[in-house]
2 protein chains.
Amino acid sequence: MNGIILFGHGARNAEYVEPFRRIQAAVARLLPTTPVELGFLELTEPALEASIASLAMKGVKKIRIVPIFFAPGRHVLKDLPLLLGNAMDRHAGIEFEIAECVGMVDEVIEAMARHAVRGA
Amino acid sequence: MNGIILFGHGARNAEYVEPFRRIQAAVARLLPTTPVELGFLELTEPALEASIASLAMKGVKKIRIVPIFFAPGRHVLKDLPLLLGNAMDRHAGIEFEIAECVGMVDEVIEAMARHAVRGA
């Protein structure tokens, strides 16, 4: 079984998590039998490590980490590989895959552009 | 004439700006006669204030600010209104509109979800 983690930055305000829950729900509609978790770098729960541990408990063999970032900056290029390196030590049987940042994907860019021009 | 500013956070690495340029190009394809600028909160150029000044020089009467953020956190709820308050003092004839964060938009959420499940 494979699992998916939507990896976000995290923020101080509780409402911040809402769009992440909406992406999670949309993923669950597309792949109802695949476990999908949120995992944050800081400030917002659950932390990435906790979500990896949760999927490991469910017996997943491979985890696709999807950075919910517009562009690969320090958090995706440095913090994430570091966190995954630690996770690989703790969960030796699990394979990790890092997807492209959502903001780099053509379809997402086109959808953002259509929103930008609405009413302009 | 109206203008659009894609408002992003900014980051230390130069490649960070790439997806923003791609959204800008997609907006320009949709509305070829509407000036569209990038404007960043910090670290990346141009700063939001500089882009507002640039559109003001072009004679725009209304500027739609589109937060390229997943969720409204401190930067969108506090920093942005503060920056716009200052801009309104400097550019009295210009009307400002703040669009919803791109990450809150259904179409963008669905596109992110489709990316998340690709290959999973």
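This section reports on the structure supplied with the text. This structure is a prediction, so every number in the text was calculated from the model and none was measured.

**A word on the relation of the copies chain A and chain B**
Once chain A is rotated about the relating axis by 180° and shifted along it by 0.0 Å, it coincides with chain B to within an RMSD of 0.0 Å. The two molecules are tied by a two-fold rotation axis, judged by turn and shift. Across chain A, the smallest distance between a C-alpha and the rotation axis is recorded for V108 of chain A, namely 2.9 Å. By residue overlap, the copies meet face to face through one surface: 100% of the interface positions of chain A are interface positions in chain B.

**Considerations on the sheet that holds strand β4 (residues 95-98) of chain A**
Strand pairing in a sheet is mediated by backbone hydrogen bonds. Such pairs are either parallel or antiparallel. Residue and element names in this part refer to chain A. In spatial order, the strands read β2-β1-β3-β4; together these four strands make up an open sheet with parallel pairing. The sheet is open, and its two edges are formed by β2 (36-40) and β4, each paired on a single side. Strand-to-strand twist across the sheet, computed as the mean angle between neighbouring axes with direction ignored, equals 25°. Here strand β1 (residues 2-8) runs beside β2; their pairing, made up of five bridges, is parallel. Each bridged residue has a counterpart across the sheet, and for L6 the counterpart in β2 is L38. Each of β1, β3 (62-67) and β4 touches helix α3 (residues 74-90); the most contacted strand, β4, lies at about 175° to it.

**Observations concerning the layout of surface pockets**
By volume, the largest pocket amounts to about 940 Å³. Along the walls of the largest pocket sit 33 residues, with H9 and H75 of chain A together with H9, F69 and H75 of chain B positioned nearest its centre. When residues of the lining of the largest pocket are traced back to their parent elements, those giving at least two are α3 of chain A together with α3 (74-90) of chain B. Considering every element that reaches the lining of the largest pocket, the biggest residue donor is α3 of chain B, with four residues.

**Some remarks on the interface of chain A and chain B**
Contact with chain A, which involves 47 residues of that partner, is made by 47 residues of chain B. For the pair chain A and chain B, the summed buried surface comes to about 4100 Å²; carbon and sulfur atoms form 66% of the total. Three residues stand out in chain A for area buried against chain B, namely R22, F70 and H115 of chain A, and they jointly supply 16% of the buried area on that side. For R29 of chain B, the salt bridge goes to E110 of chain A, with nearest N and O atoms at 3.1 Å. Where chain A touches chain B, the interface holds 20 residue pairs in polar contact (both at pLDDT 80 or more). Take the side of chain A that touches chain B: its biggest share by element is 12 residues, from helix α4 (residues 106-117) of chain A. Taken together, the residues of the side of chain A that touches chain B sort by class into 30 nonpolar, five polar and 12 charged.

**Thoughts on the packing of aromatic side chains**
Residue and element names in this part refer to chain B. Counted by the stated rule, this structure contains 11 aromatic pairs over all chains. Ring geometry for F7 versus F69: centroids 5.5 Å apart, planes at 35°, classification tilted. Here F7, found in strand β1 (residues 2-8), pairs with F69, found in the loop between β3 (62-67) and α3; they are 62 residues apart in sequence, far enough to count as distant. Residue classification places F7 among the buried residues on the basis of a relative accessible area of 0%. Ring plane angle 40° and centroid distance 5.1 Å describe the contact between Y16 and F20, whose orientation is recorded as tilted.

**Some thoughts on the pattern of salt bridges**
Scanning all chains against the criterion turns up 14 salt bridges over all chains. Put simply, K58 of chain A and E37 of chain A hold a salt bridge, and the shortest N to O gap is 3.0 Å. In this pair, K58 of chain A sits in the loop between α2 (48-57) and β3 while E37 of chain A sits in strand β2, placing the two residues 21 residues apart along the sequence. A salt bridge links R114 of chain B to E107 of chain A, with the nearest nitrogen and oxygen atoms 2.4 Å apart. Within this pair, whereas R114 of chain B is found in helix α4 (residues 106-117), its partner E107 of chain A is found in helix α4, the two belonging to separate chains.

**So, unusual backbone geometry**
All names here are of chain A. Omega for the peptide link from E45 to P46 comes to 0°, which places this bond in the cis form. Mapped onto the elements of the fold, P46 is located in the loop between β2 and α2. In this structure, L43 is a non-glycine residue whose phi angle is positive, near 70°. With respect to the helices, strands and loops of the structure, L43 is situated in the loop between β2 and α2.

About the thresholds
- Every residue gets a number counted from 1 within its own chain, in the order that chain's sequence is written.
- For this description, chains carry letters from A and ligands carry numbers from 1, given in the order in which they are written.
- Local features in this predicted model are restricted to residues of pLDDT 70 or higher, and side-chain atom pairs are both shown and tallied only at a pLDDT of 80 or more, whereas totals for entire chains, interfaces and linings draw on every residue.
- Heavy atoms throughout the structure, all of them, feed into the side-chain values; hydrogens and water do not.
- Least squares is the method for superposing the copies, and the C-alpha atoms it fits come from residues with pLDDT of at least 70 in both.
- Contacts are residue-level and defined by heavy atoms, with any inter-residue pair within 4.5 Å sufficient.
- Pairing between two strands requires that DSSP report at least two bridges joining them.
- Numbering goes from the N terminus for both helices and strands, where a helix is a DSSP run of H or I of at least four residues and a strand is a run of E of at least two.
- Only the stretch in contact is used when a helix axis is fitted, and all axes are lines through C-alpha atoms; the angle between N-to-C directions ranges over 0 to 180 degrees.
- Space inside and on the surface of the protein is sampled on a 1 Å grid over the protein atoms alone, with a cavity defined as a set of points where a 1.4 Å probe fits but cannot get out and a pocket as an open set with protein on both sides within 12 Å along at least 5 of 7 lines; lining residues have an atom within 4 Å of a point.
- Grid points are joined across faces, edges and corners, and a volume is the space filled by probe spheres set on the points.
- In short, buried area is how much 1.4 Å probe accessible area vanishes from two parts on joining, totalled over both.
- By salt bridge we mean one thing: a side-chain nitrogen of Lys or Arg within 4 Å of a carboxyl oxygen of Asp or Glu.
- Each polar contact in these results corresponds to two N or O atoms within 3.5 Å; when the atoms are within protein, one needs to be able to donate a hydrogen and the other to accept it, and residues that are neighboring in sequence are counted only if both atoms are side-chain atoms.
- Each residue gets one of three labels, nonpolar for Ala, Val, Leu, Ile, Met, Phe, Trp, Tyr, Cys and Pro, charged for Asp, Glu, Lys and Arg, and polar for the others, Gly among them.
- A pair of aromatic rings is counted whenever rings of Phe, Tyr or Trp (Trp by its six-membered ring) have centres within 6.5 Å, and the orientation is called stacked for planes under 30 degrees apart, edge-to-face for over 60 and tilted otherwise.
- Buried residues are those whose accessible area, probed at 1.4 Å on protein chains only, stays under 20% of the maximum for their type, while exposed residues exceed 50% and partly exposed ones sit between those limits.

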